[in-house]
Amino acid sequence: GNPIFDEKGKIERIIIASRDITETTKLKTELREIKKITNQYKQELDTFKSKNKVFEKLIYCSSKMERVVEQINKISNFSSTVLISGESGVGKEVIAQAIHQLGSRSNQPFLKLNCGAIPENLLESELFGYTQGSFTGADKNGKVGYFKKADQGILFLDEIGEMPLSLQVKLLRVLQEQEVIPIGSTTPIPINVQIVAATNKRLEKMVEEGTFRED
Ligand SMILES: Nc1ncnc2c1ncn2[C@@H]1O[C@H](COP(=O)(O)OP(=O)(O)OP(=O)(O)O)[C@@H](O)[C@H]1O
Ligand SMILES: [Mg+2]
């Protein structure tokens, strides 16, 4: 509205311009809805594309492998702990990577730690990390462990059968409590990591022999 004054400065009239914006508002709402739907489609398409990439790499033809792939598809929608077992060279690592790429954590880290390749005493500090000056020879600034580094993502524990019993207990705690206590610390750090483990050992037999914890 604009006031119009006469010579004496008194308001003579007010000119009001009005216009119906119902249509504009309606169009705006529609546009917003359509943008939302487009984004949804884009995301679905991206997921579809990345799924295809995974399956391009994976070569198989047996019905047994088909069942494994079906299982990977199912598993990848959840963040549960996964154990992949099978003979050496059957592609356990390929499967672990597929679980990562197909799942909701694909934009988060995928870290691999080979439990058989690292000496027992180092394995604990690699996994859990340590605080400043917790033992001789340690980095004086402390160290972030793999569990923390893989936060929000996946930690692939390869050759889990090689993990010493003492560490198995600690791993169990991490799985149950979703938290880690670095060496030299008393404060647990909450973590959100999906554990995927692999082994070519027969864990059932190891459990019977008492070298691998049943739980
Ligand atoms: N189904 C598959 N499609 C394509 N490549 C595969 C498949 N399975 C295995 N490979 C390839 O074979 C090699 C061995 O696979 P991988 O390292 O995953 O075996 P593994 O089960 O982890 O063996 P190990 O127990 O010795 O660690 C890798 O180079 C991997 O890319
Ligand atoms: Mg392997």
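Use the structure listed above.
Not measured: the values here are computed from a predicted model. (Residues numbered from 1 in each chain as written. Chains lettered and ligands numbered in written order. Predicted model: local features only at pLDDT ≥ 70, side-chain atom pairs only at ≥ 80, totals over all residues. Heavy atoms only, no water.)

> Let's hear about the packing of aromatic side chains: which residues, and what values?
Counted according to the given criterion, the structure contains two aromatic pairs. Taking 6.0 Å as the distance between ring centres and 25° as the angle between the ring planes, the aromatic pair formed by F110 and F156 counts as stacked. In this pair, F110 sits in strand β4 (residues 110-114) while F156 sits in strand β7 (residues 154-158), placing the two residues 46 residues apart along the sequence. Residue class for F156 comes out buried when judged on its relative accessible area of 0%. Seen in terms of ring centroids, F128 and F147 are 5.3 Å apart; in terms of plane orientation they differ by 65°. Their pairing is edge-to-face. Remark: F147 occurs in helix α5 (residues 146-149) and F128 occurs in helix α4 (residues 120-128); sequence separation between them is 19 residues. (Phe/Tyr/Trp six-rings, centres within 6.5 Å; stacked < 30°, edge-to-face > 60°. Helix = DSSP H or I, 4+ residues; strand = E, 2+ residues; numbered from the N terminus. Buried < 20%, exposed > 50% of the residue type's maximum accessible area, 1.4 Å probe, protein only.)

> Describe the site of ligand 1, with residues and values.
The immediate surroundings of ligand 1 are formed by K57, L58, I59, E87, S88, G89, V90, G91, K92, E93, V94 and N200. Contact between ligand 1 and K92: an oxygen atom at 2.6 Å from a side-chain N or O atom of the residue. Contact distances for ligand 1 include 3.3 Å between an oxygen atom and a side-chain N or O atom of N200. Burial of ligand 1 by the surrounding chains reaches 63%, relative to a free accessible area of 630 Å². For the shell around ligand 1, the leading source of residues is helix α3 (residues 92-102), giving three residues. Each residue belonging to the shell around ligand 1 can be placed in one class, and the counts come to four nonpolar, four polar and four charged. (Near = heavy atom within 4 Å. Polar contact = N/O pair within 3.5 Å; in protein donor to acceptor, adjacent residues only side chain to side chain. Areas by Shrake-Rupley, 256 points an atom, 1.4 Å probe, with all protein chains shown as cover. Nonpolar A, V, L, I, M, F, W, Y, C, P; charged D, E, K, R; others polar.)

> How would you summarise the packing of helix α1 (residues 22-57) against α3 if you had to cite specific residues and measurements?
In the contact formed by α1 and α3, the axes pass within 9 Å of each other and the chain directions differ by 170°. Here α1 lies roughly antiparallel to α3, going by the angle between them. Between α1 and α3, the residues in contact are S50, K51, V54, F55 and K57 and A98, Q101 and L102, respectively. Residue classes in the contact of α1 with α3 are distributed as four nonpolar, two polar and two charged. (Axes fitted to C-alpha atoms, helices over the stretch in contact; angles between N-to-C directions. Parallel < 35°, antiparallel > 145°, perpendicular 65-115°, else oblique. Contact = heavy atoms within 4.5 Å.)

No statement about biological role is implied by the geometric values presented.
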